[in-house]
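Inside the fold
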Amino acid sequence: MNFDFSDSQKELQGEVHRFLRDRCDLSVAREVLDDENLTHASRLWREITELGWCGVAIPEEYGGISLGYLELCVIAEEVGRSLSPVPYSSSIYQFAEALLKGGSHEQKEAFLPRVAGGELVGTLAFCEGPGFPQAQTLKAQFDSGRLTGEKWPVADAMIADAAVVLAADAAGSPCLCIVNLDQDGVSREQLASIDPTRNQGKLTFEGVEAEPLLQGDGDGWALFRQVLNSAAVLFSFEQIGGADACLNQAVAFASERHAFGRPIGAFQAVKHKLADVYVANQLARSNAYYGAWALATGDSALPLAAAVSRVSATSAYENAASESLQVHGGMGFTWEADCHLFLRRSRSLSLCLGRADLWKKQIAAALEQKVA
Amino acid sequence: MDFNDTPEEAQFRQEVKAWLAEQAPRYDLQNHNGLDVDGQLALGREFQALKAGRGYAKVGWSKELGGMGGTPMQSVIYDQEEEHYRFPTVFFGISLGMPIPVIRRFATEEQKRRYLLPALRGEEIWCQLFSEPAAGSDLGGIRLRAIRDGDDWVLNGQKIWTSYAHISDFGVIVTRSDPSVPKHKGMSYFFVDMKSPGIEVRPIRQAAGGGEFCEVFFTDVRVPDEQRLGEINGGWQVAIATLMEERFAVTDAAGGGPQLLDTLRLVKEQLPSVAEDESTQQLMADWYVAESGINNFYARLLTGVSHGQLPGPEAALSKLIIARKLQVQSAAIMDFFGPAGAIFPEAKVLRSNDYRMAWLEAAGYRIAGGTDEILRNTIAERVLGLPADLRPDKDIPFEEFN
């Protein structure tokens, strides 16, 4: 049994952890939160790109360093733990994944080296306002190389150079197409959100040039689901990193803060709550490892593993963030305390790939197959 | 990252598989429908002797002691493979799990020669006399009195929840030897012959109907001082060592209850409209997430064992989750069936993984071997390092509090 990251992967995680501890304490996220003109921490992002983190899972032939998904997972955990306000998830877990899964050789060559080097930020634009997109009712249209429509919310829309967009093709079938956002006919509007440390925007396309991603069996919806499955696993590492940070914060506070003559962490009402957070975090971590294993090996269990990983990490992070704030009492609800940074991030990550119920449907469908 | 055995582990697993397959026709209880408990015990002793002959009774112990000289991982592999069958080994679980390792650690060489091998071979069974009516989670509160009288000690009092005391030949026991000092400093630890005059064992009928737990009454029971394990008044340390011996058990995420996929099949077959209901599917998904979390957590612990690390107190979380999940899940299955969910099937002998039985048993499972609440304390204090709760009796002479 070897269900763990390797020594070299753990070493990489340690390096990433130390770098972010030094260069991205929570004041970095707070700066972006406090200044509405800031979309992300640009200096931190430049440093991250210089360190080569963007290319770990991109093949060498496309400018990456071909390490793999497990390396990406350990980086994601640290990015989540530090609340790094950078477009890493949009560019790497979503945009690069869409290209890797669905791009032609030429498309990969055109975009991936710049993603790996950090010169280009990409994102995935799939929502069209309220609700989760449905295959049959997409309003954005892609026809004869031109894209028209509105997509919102789109993470990192204000800083992305390119986007993979979910739209209906001429036949009304879902497809993914790639769009350069730096062209006439593309407009962007910043949207205020509960978590300003991940910027959100609306992208409007008025008959702009776009190219379809056609690899695989040509089923655009299946390609989109594949990208979501990869992203779900990678986001679940951000979530368990964040959940771990919340628990540590709450344990430290409960050990220091005294009430009724004792540290509040000595009261069972508090310690049992934190024990439950620990348990949920450990189960989520274990499930995330399962997702990582399926992603890295390309196992056919990936849709199930990704959904399990997502559901588990989503509930663990939201629970850890809200209970950590609760343990901090009134202090936890101030702007100055860091609890709300995690509370905001946990909710925004829960929302970013669709609500848990949709992922539970994916689990139920996989279970059906197992007993069929 | 993978779920595979190392080549050495895989080879050992093959050996074990082959041996168990050979034993199954004669010893698997599935081939002995309706065999009563005495019959199961007799069959179990026969199987246990064969198992000990291969060193499988204690894979991790040296050959001189009757083991196999294996690694902790080989020990887990044996248990995993044995779990695929229903061999009648339940009677020896406690005996070899806690009392016998303590005898190995604290008894004299002569005593070890006398007692270890017969226990490994299933010829003698040991029980663990710890809990009392007034001391469950708080083991330090035990009262059963031991008073020195010449070369003997005289024991008076009562123990309870002692699994398999009624079929045990010997037991390890923790007693109150000095009530004038604080609770943890006045305890002494012995082993006793369960046939000694003055010991009376009464099985307790449990809420779910089972009866493997017992009450054990001690009236002027004489125990020679040579049967003391550890120092006089140093029994607490031996008791802690006993509890730490709880071997790294094979984890069944279903807690002995129905397996999730079996439940899904059952519901689809008998209640198709319930199976199609979205709320049912969401429940099944939630259960799968929990089950997968436990299985994958266990895989992480095993990875540590495979690399030579023994699991720490974090291992407590599995039972905490499994017991509660078993209770909630088996109740929900009954709900699927409506009022009929309360009705037992006609079969005379109910499988313990029947959801109705599982629901009854789950209430006890949440208490046995550490209540949900104590396990949360363990996690909070020993894993997270949170401060201990108030213990007003900790530094005060025992008799002043009791």
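Thoughts on the overall build of chain B
Check the secondary structure of chain B and you find 14 helices and eight strands. On the principal axes, the C-alpha backbone points of chain B span a range of 75 × 45 × 45 Å. Per-residue burial for chain B yields a buried fraction of 39% across its 402 residues.

Re the overall build of chain A
Scanning chain A from terminus to terminus reveals twelve helices and ten strands. Each of the three principal axes of chain A carries a C-alpha extent, and together these read 75 × 55 × 40 Å. Within the span of chain A, comprising 372 residues, buried residues form 57% of the whole.

Brief notes about the nonpolar core
Residue and element names in this part refer to chain A. Ranked by size, the top nonpolar core spans 230 residues in total, and within it Ala 163, Val 165, Cys 177, Val 179 and Leu 274 carry the most contacts. In terms of residue count, the dominant contributor to this core is helix α7 (residues 220-256) (19 residues). With residues near it in sequence (within four places) discarded, Val 165 still touches Ala 125, Ala 140, Leu 147, Lys 151, Cys 177, Val 179 and Ala 210.

Here we look at the pairing of strand β1 (residues 122-125) of chain A
Residue and element names in this part refer to chain A. Burial along β1 is two-sided: Gly 122 and Leu 124 facing one way and Thr 123 and Ala 125 facing the other are all buried. Pairing analysis gives four bridges linking β1 to strand β4 (residues 162-168), with the strands arranged parallel. Among the inter-strand pairings, Leu 124 is bridged to a residue of β4, identified as Val 164.

Structural notes on the interface of chain B and chain A
Taken together, the contact between chain B and chain A spans 39 residues of the former and 39 residues of the latter. In terms of residue count, the dominant contributor to the side of chain B that touches chain A is helix α10 (residues 278-306) of chain B (16 residues).

Here's the deal with the domain arrangement of chain A
All names here are of chain A. For chain A, the assigned domains read domain 1 (7-120), domain 2 (123-212) and domain 3 (220-371). Its C-alpha centre places domain 1 at a distance of 22 Å from the equivalent point of domain 2. If you look at the interface, domain 1 gives 17 residues, while domain 2 gives 16 residues. For the side of domain 1 that touches domain 2, the secondary-structure elements that each account for two or more residues are α2 (26-34), α5 (88-102) and α6 (105-117). Considering only residue class, the side of domain 1 that touches domain 2 consists of ten nonpolar, seven polar and no charged.

Notes on helix α11 (residues 316-336) of chain B
Here α11(B) spans 31 Å end to end across 21 residues, near enough to the 30 Å set by a 1.5 Å rise per residue. Positioned one or two residues after α11(B), Gly338(B) has a phi angle of 70 degrees, which is positive.

Some details on the domain arrangement of chain B
Residues and elements named next belong to chain B. Domain assignment breaks chain B into domain 1 (7-88), domain 2 (126-244) and domain 3 (260-383). Domain 2 and domain 3 are separated by 33 Å when their C-alpha centres are compared. Each partner contributes residues to the interface: domain 2 has four residues there, and domain 3 has six residues. The residue makeup of the side of domain 2 that touches domain 3, split by class, is two nonpolar, two polar and no charged.

A few points about the packing of helix α5 (residues 99-106) of chain B against helix α6 (residues 109-120) of chain B
Residues and elements named next belong to chain B. Packing of α5 against α6 leaves a shortest axis separation of 10 Å and a crossing angle of 160 degrees. With respect to each other, α5 and α6 are oriented roughly antiparallel. In this structure, the crossing between α5 and α6 has a hand that is left-handed. Contact with α5, carried on its side by Ile 100, Ile 103 and Arg 104, involves Gln 111, Lys 112, Tyr 115, Leu 116 and Ala 119 of α6 and no other residues of that element. Here the residues of the contact of α5 with α6 sort into five nonpolar, one polar and two charged.

Describing unusual backbone geometry
The omega torsion of the bond from Trp152(A) to Pro153(A) falls at -5 degrees, within 30 degrees of zero and hence cis. With respect to the helices and strands, Pro153(A) occurs in strand β3 (residues 146-155). Here the phi dihedral of Leu83(A) falls at roughly 50 degrees; this positive angle occurs in a residue that is not glycine. Its location among the elements puts Leu83(A) in the loop between α4 (69-81) and α5. Judged by the 27 C-beta atoms lying within 10 Å of it, Leu83(A) falls in the buried class. Unusually for a residue other than glycine, Asn233(B) sits at a positive phi of about 65 degrees. Within the secondary structure layout, Asn233(B) lies in the loop between β8 (228-229) and α7 (235-244).

Side note on helix α1 (residues 7-27) of chain B
All names here are of chain B. For α1, spanning 21 residues, the distance from its first C-alpha to its last is 29 Å, which sits close to the expected 30 Å at 1.5 Å a residue. Where α1 bends most, the angle comes to about 25 degrees, and this point is Ala 21, followed within four residues by the proline Pro 25. Those residues of α1 that fall on the buried side of the exposure criterion are Phe 12, Val 16 and Tyr 27. Tucked inside the fold, the buried residues of α1 contact α2 (37-53) and α3 (72-82).

Quick word on the environment of Val154(A)
Residues and elements named next belong to chain A. When you line up the elements, Val 154 lands in strand β3. A sequence separation of 37 residues divides Val 154 from Leu 191, and the C-alpha atoms of the two residues are 9.2 Å apart. Contacts of Val 154, omitting those with residues within four sequence positions, involve Thr 123, Ala 125, Ala 163, Gln 200, Gly 201 and Leu 203.

Some thoughts on the packing of helix α8 (residues 268-297) of chain A against helix α9 (residues 302-327) of chain A
Residues and elements named next belong to chain A. The interhelical angle for the contact between α8 and α9, taken along N-to-C directions, is 155 degrees, at an axis separation of 8 Å. If you check the angle between α8 and α9, you find them roughly antiparallel. In terms of crossing hand, the pair formed by α8 and α9 is left-handed. Its residues assigned to classes, the contact of α8 with α9 comprises 17 nonpolar, seven polar and two charged.

Regarding the confidence of the model for chain B
Here chain B shows a mean pLDDT of 93. Residues at 70 or above account for 98%. Both scores are given for the predicted complex: the pTM is 0.94, the ipTM 0.95.

Here we look at the environment of Cys175(A)
Residues and elements named next belong to chain A. Within the fold, Cys 175 resides in strand β5 (residues 174-180). Note on Cys 175: 25 C-beta atoms within 10 Å, which makes it buried. Residues Cys 175 and Ala 254 lie 79 residues apart in sequence; the distance between their C-alpha atoms is 51 Å. In this view, Cys 175 contacts Phe 142, Ala 167, Asp 169, Pro 212 and Gly 220; residues no more than four positions away in its chain are not counted.

About the cut-offs
- Residues numbered from 1 in each chain as written.
- Chains lettered and ligands numbered in written order.
- Predicted model: local features only at pLDDT ≥ 70, side-chain atom pairs only at ≥ 80, totals over all residues.
- Helix = DSSP H or I, 4+ residues; strand = E, 2+ residues; numbered from the N terminus.
- Buried ≥ 20, exposed ≤ 12 C-beta atoms within 10 Å, placed from the backbone.
- Core = buried A, V, L, I, M, F, W, Y, C linked by C-beta atoms within 7 Å.
- Contact = placed C-beta atoms within 7 Å.
- Pairing = 2+ DSSP bridges.
- Domains from an automatic or database assignment.
- Nonpolar A, V, L, I, M, F, W, Y, C, P; charged D, E, K, R; others polar.
- Expected span 1.5 Å × (residues − 1).
- Axes fitted to C-alpha atoms, helices over the stretch in contact; angles between N-to-C directions.
- Parallel < 35°, antiparallel > 145°, perpendicular 65-115°, else oblique.
- Left-handed = near helix turned anticlockwise from the far one by under 90°.
- Bend = angle between axes of the 7 residues up to and from the residue.
- pLDDT = per-residue confidence, 0-100.

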